[in-house]
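# Commentary on secondary and tertiary structure
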Amino acid sequence: MTTDARFEDAADEAPLRLAAETPADVEVLSALVQDSVFPGSEMEYDIRANRFAVLLNRYRWERDEQPPERVQSVLAIDAVTSVRSTGFDRADRNQIFSLLAVGVEEGDPDQKAVLTLAGEAEIVVTLKAISISLQDVTRPYRAPSGQVPAHKVD
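Quick notes on the rules
Residues numbered from 1 in each chain as written. Predicted model: local features only at pLDDT ≥ 70, side-chain atom pairs only at ≥ 80, totals over all residues. Heavy atoms only, no water. Helix = DSSP H or I, 4+ residues; strand = E, 2+ residues; numbered from the N terminus. Buried < 20%, exposed > 50% of the residue type's maximum accessible area, 1.4 Å probe, protein only. Salt bridge = Lys/Arg side-chain N within 4 Å of Asp/Glu carboxyl O. Contact = heavy atoms within 4.5 Å. Arc of directions from axis to C-beta.

Moving on: the environment of Tyr141. For Tyr141, the position within the fold is in strand β11 (residues 141–142). Residue Tyr141 is classed as partly exposed on the basis of its relative accessible area, which comes to 28%. The sequence separation of Tyr141 and Val71 amounts to 70 residues, and the corresponding C-alpha distance is 6.1 Å.

Below is the structure:
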């Protein structure tokens, strides 16, 4: 019987596992998930568990070697009270998204996590408290483009 490859099977590195509970922590997570891509079918809001999660194909910014690599990671947001989105059709589960940044807006009593997507789209997650995690769940793989993500600067 064969099994799927696990990140833990890699000989050289351990999977990334981080938690964010403050705006400064979220800035670190945001830098690590910048330029992640994912299809609409890989985001899920579990109302009963108060959790919004996305399975990302994350560019490994923390790795400064060639060739460029990606890894599948789960970005999970807990203590969620609601999720809303703008700039895209939620019914289109095949649409591919590019995540540009994750930020937080603090409020009283609720805070918001904002996932900024390419194309002027965003996902706004209302929170009771900041509780965001990022965990690699597969082995790294060579980035299909073979390129480091780049952005035009005006």
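Next comes the rest of the account.
What follows concerns the pattern of salt bridges. One side chain can pair with another of opposite charge once the charged atoms of both are near each other. Enumeration over the complete set of coordinates arrives at 6 salt bridges. A salt bridge links Asp136 to Arg58; the shortest N-O distance between them is 3.1 Å. Taken together, the residues Asp136 in strand β10 (residues 132–136) and Arg58 in strand β4 (residues 51–59) connect sequence positions 78 residues apart. Here Asp136 and Arg58 have matching classes, each one buried. Connected through salt bridges with shared partners, the residues Arg58, Arg60, Glu62, Arg63, Glu69 and Asp136 form a single ionic network.

The next subject is the side chain of Arg63. Mapped onto the elements of the fold, Arg63 is located in the loop between β4 and β5 (69–78). Given the relative accessible area of 16%, Arg63 is considered buried. Apart from the residues lying within four places of it in its own chain, the contact partners of Arg63 are Glu13 and Glu69.

Turning next to helix α1 (residues 23–33). Taken together, the buried positions of α1 are Val26, Leu29, Ser30, Leu32 and Val33. Projected onto a plane normal to the axis of α1, the buried residues spread over an arc of 160 degrees and lie on a single side. Check the buried side of α1 and you find it contacts β1 (17–20), β2 (36–39), β4, β7 (96–105) and β10.

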